[in-house]
Amino acid sequence: MKKIILDGAMMGEKTAAHEHIAAAMDFPDWYGKNLDALWDMLSACGETEVELVNAPALLNALGDYACRLLGCFYEAAGENERLKFRVI
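Criteria and cut-off values
- Residues numbered from 1 in each chain as written.
- Predicted model: local features only at pLDDT ≥ 70, side-chain atom pairs only at ≥ 80, totals over all residues.
- Heavy atoms only, no water.
- Buried < 20%, exposed > 50% of the residue type's maximum accessible area, 1.4 Å probe, protein only.
- Helix = DSSP H or I, 4+ residues; strand = E, 2+ residues; numbered from the N terminus.
- Arc of directions from axis to C-beta.
- Axes fitted to C-alpha atoms, helices over the stretch in contact; angles between N-to-C directions.
- Parallel < 35°, antiparallel > 145°, perpendicular 65-115°, else oblique.
- Left-handed = near helix turned anticlockwise from the far one by under 90°.
- Contact = heavy atoms within 4.5 Å.
- Nonpolar A, V, L, I, M, F, W, Y, C, P; charged D, E, K, R; others polar.
- Salt bridge = Lys/Arg side-chain N within 4 Å of Asp/Glu carboxyl O.
- Phe/Tyr/Trp six-rings, centres within 6.5 Å; stacked < 30°, edge-to-face > 60°.

A. A look at helix α3 (residues 55–62). Of the positions making up α3, those classed as buried are Ala55, Leu58 and Leu62. Taken around the axis of α3, the buried residues stretch over an arc of 60 degrees, which confines them to a single face. For α3, exposure combined with an orientation more than 90 degrees from the buried face picks out Pro56 and Asn60. Just downstream of α3, Gly63 is the residue with a positive phi angle, here 50 degrees.

So this is what it looks like as structure tokens:
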């Protein structure tokens, strides 16, 4: 299983968040860097465990968008049994 650690402190704006996620998860160059594209990538990924550290920094920086971003991870993990997501 591939283990990914995302750092909320590295996601101070929407673009930076998607770039950090894309780099950490080794998404292809054509990744669309938005929530719909993130859902598509997460719902199709193989055996992957994603952990988010520094979640308060992400929430403070992005507010409602951070909640939607986290929701995307949680929902995709609920749909894709090969994806595990947790905030630590």
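From this point on, the discussion continues.
B. Spatial organisation of the packing of helix α1 (residues 14–25) against helix α4 (residues 64–79). Relative to each other, α1 and α4 sit at 25 degrees, their axes nearing to 11 Å. In terms of orientation, α1 and α4 fall into the roughly parallel class. Between α1 and α4 the crossing geometry is right-handed. Note on element contacts: α4 touches α1 through Tyr65, Leu69 and Phe73, opposite Lys14, His18, Ile21 and Met25. Broken down by class, the residue content of the contact of α1 with α4 amounts to five nonpolar, one polar and one charged.

C. Main features of the environment of Ala16. Within the element layout of this structure, Ala16 appears in helix α1. For the pair Ala16 and Lys33, spaced 17 residues apart in sequence, the C-alpha to C-alpha distance is 9.5 Å. With residues near it in sequence (within four places) discarded, Ala16 still touches Met10 and Met11.

D. Focus on the pattern of salt bridges. Enumeration according to the criterion identifies three salt bridges in this entry. When the shortest N-O distance is used, the salt bridge between Glu51 and Lys3 registers 3.5 Å. Taken together, the positions of Glu51 in strand β2 (residues 48–53) and Lys3 in strand β1 (residues 2–7) put the pair 48 residues apart, joining distant regions of the chain. Since its relative accessible area comes to 3%, Glu51 is described here as buried.

E. Broad picture of the packing of aromatic side chains. Evaluated as defined, the whole model comprises three aromatic pairs. When the ring of Phe73 is compared with that of Phe85, the centres are 4.8 Å apart and the planes differ by 20 degrees; the resulting orientation is stacked. In this pair, Phe73 is assigned in helix α4 and Phe85 in strand β3 (residues 83–87), connecting sequence segments 12 residues apart. When sorted by exposure, Phe73 lands in the same class as Phe85, which is buried. Taken together, the aromatic side chains of Phe73, Tyr74 and Phe85 make up a single cluster linked through ring pairs.

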